[in-house]
Amino acid sequence: IVIIIFDSVTTYFVMEQAAGAIVEALDVAPFGIYKAIADKVAGNYAQRAVQAEQVAEAVEQSPHPVVVCGDFNDTPVSYVYRTIRRAGNLVDSFVEKGRGVEHTFKGLYNLFRIDYILADKEAFEVKSYDSYDEPMSDHKPLTVRLGVLD
């Protein structure tokens, strides 16, 4: 749920290309499995890079303050994250108000933060950040409260 009390704001909901279908690669001959997985992962990285550039362009062209919410399927040190965050001078709500080490993806040993809420730092102040360990998804839902700057 997004509640916006602001004259005009542009909100983007993003879901970047997932690794998906690695299970398909398991049907490959035993020695080819590693190459098949590597090819699949490399292709997804390339697709996410293109998608990130498209989101960044839309953010840069927005005439209004921007909030970007989404499953980037990539970590905070990735090209995808940096490209989108830098495009609109966006602030990461977890970096501002989160605590400790956070994971938003519940697979792969709970190691990865791949879901984000980024807000225009010229228009918004991050007041709070929370995540919840709900069983409805393999991702943790996020709640962020933003204050409007004068």
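Check the entry above for the structure.
*Asks:* Looking at this structure, how should I read the packing of aromatic side chains?
*Replies:* Note on aromatic pairs: each is described by the distance of the centres and the angle between the planes. Within this structure, the stated rule accounts for three aromatic pairs. With a centroid separation of 5.3 Å and 70° between ring planes, the pair formed by Phe 94 and Tyr 129 is classed as edge-to-face. A residue pair is termed long-range when its members are at least 10 positions apart, and Phe 94 in helix 4 (residues 93-97) and Tyr 129 in strand 5 (residues 124-131) qualify at 35 residues. Among the aromatic residues, ring-to-ring pairing joins Phe 72, Tyr 81 and Tyr 116 into one connected group.

*Asks:* Help me out: how do you make sense of helix 3 (residues 79-87) in this one?
*Replies:* Residues three or four positions apart in an α-helix share a direction because the helix packs 3.6 residues into each turn. Residues of helix 3 that are buried include every one of Val 80, Tyr 81, Thr 83, Ile 84 and Ala 87, and no others. Count one or two residues on from helix 3 and you reach Asn 89, which has phi positive near 55°.

*Asks:* Help me understand the side chain of Asp 120, please; the structure alone is not making it clear to me.
*Replies:* One can find Asp 120 in strand 4 (residues 115-120). At 8.7 Å, Lys 121 is the nearest oppositely charged side chain to Asp 120, a buried residue that forms no salt bridge. For Asp 120, the side chain forms a polar contact with the main-chain nitrogen of Glu 122, separated by 2.8 Å.

*Asks:* Explain the pairing of strand 2 (residues 66-71) here, please?
*Replies:* On a regular strand, each side chain points to the face opposite its neighbour's, so the side chains alternate between the two faces of the sheet. With respect to burial, strand 2 is a largely interior element, six of its six residues being buried. Taking every second residue as pointing to the same face, both faces of strand 2 are buried, with Val 66, Val 68 and Gly 70 on one and Val 67, Cys 69 and Asp 71 on the other. Strand direction decides the pairing type here: strand 2 and strand 4, joined by five bridges, are antiparallel. Note that in strand 4 the partner of Val 68 across the bridge is Leu 118.

Basis of the calculations
- Residues numbered from 1 in each chain as written.
- Predicted model: local features only at pLDDT ≥ 70, side-chain atom pairs only at ≥ 80, totals over all residues.
- Heavy atoms only, no water.
- Phe/Tyr/Trp six-rings, centres within 6.5 Å; stacked < 30°, edge-to-face > 60°.
- Helix = DSSP H or I, 4+ residues; strand = E, 2+ residues; numbered from the N terminus.
- Buried < 20%, exposed > 50% of the residue type's maximum accessible area, 1.4 Å probe, protein only.
- Lys, Arg positive; Asp, Glu negative; His and termini not counted.
- Salt bridge = Lys/Arg side-chain N within 4 Å of Asp/Glu carboxyl O.
- Polar contact = N/O pair within 3.5 Å; in protein donor to acceptor, adjacent residues only side chain to side chain.
- Pairing = 2+ DSSP bridges.

Distances and angles like these do not, on their own, reveal function.
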